[in-house]
Amino acid sequence: MGDLKFKDVTAQFDPADIEKNRVICGLSIIIPVLFFLPLVAAKDSPVGKFYANQALLLLLAEVVSRLLGIIPFVGGILGAILDVCIAICCIMGLVFALTGRAKRIPLIGHYDLIK
């Protein structure tokens, strides 16, 4: 099961790789629909794959949030709460990427959809 905090996995990556790709990784996290960007711009980068995966998870969470919003009243409230959580994760992920840290998103970040 996921953790309730951002799990730091920075030590798993080469510092030069992180430094070289931090801006492109930050873009993918702050705009999750661009999850594929690190896969294209830094295709051989392990940290790029990590951030592409985290962005894809955020994108899927956004889809779930929109689907919840379809349900009258309760779904709208749950969707709004999820939207706030997603926004916080996007902002924190951007800060982590730009400062050269790799941290997994709480609860869903431990899934690796992109290998």
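Reading the values: the criteria
Residues numbered from 1 in each chain as written. Predicted model: local features only at pLDDT ≥ 70, side-chain atom pairs only at ≥ 80, totals over all residues. Heavy atoms only, no water. 1 Å grid on protein atoms, 1.4 Å probe; cavity = no way out; pocket = protein on both sides within 12 Å on 5 of 7 lines; lining within 4 Å. Points joined across faces, edges and corners; volume = space filled by probe spheres on them. Helix = DSSP H or I, 4+ residues; strand = E, 2+ residues; numbered from the N terminus. Phe/Tyr/Trp six-rings, centres within 6.5 Å; stacked < 30°, edge-to-face > 60°. Buried < 20%, exposed > 50% of the residue type's maximum accessible area, 1.4 Å probe, protein only.

Asker: How should the layout of surface pockets be read in this particular structure?
Answerer: Any empty space left between atoms is shown by rolling a water-sized probe over those atoms. Empty space within the largest pocket amounts to approximately 210 Å³. If you trace the largest pocket, you find it lined by Leu 58, Leu 60, Ala 61, Val 64, Leu 82, Cys 85, Ile 86, Cys 89, Ile 105, Pro 106, Leu 107 and Ile 108. Breaking the lining of the largest pocket down by element, the ones donating at least two residues are helix H3 (46-70) and helix H4 (74-98).

Asker: Is there a simple way to think about the packing of aromatic side chains in this case?
Answerer: Aromatic rings considered in pairs are described by the distance between their centres and by the relative angle of their planes. For the structure shown, the criterion picks out 4 aromatic pairs. Residues Phe 6 and Phe 96 carry aromatic rings whose centres are separated by 5.2 Å and whose planes lie at 70 degrees to one another, so their mutual orientation is edge-to-face. Taken as a pair, Phe 6 in the segment before strand E1 (7-8) and Phe 96 in helix H4 lie far apart in primary sequence, 90 residues in all. Seen from their ring centres, Phe 13 and Phe 50 are 5.4 Å apart, and the 55 degrees between their planes marks the pair as tilted. One end of the pair, Phe 13, is in the loop between E1 and helix H1 (15-30); the other, Phe 50, is in helix H3, with 37 residues separating them in the sequence. Judged by its relative accessible area of 12%, Phe 13 is buried. Every member of this aromatic cluster is reached through a ring pair, and the members are Phe 13, Phe 50 and Tyr 51.

Everything listed here is a matter of geometry and, on its own, says nothing about what the molecule does.
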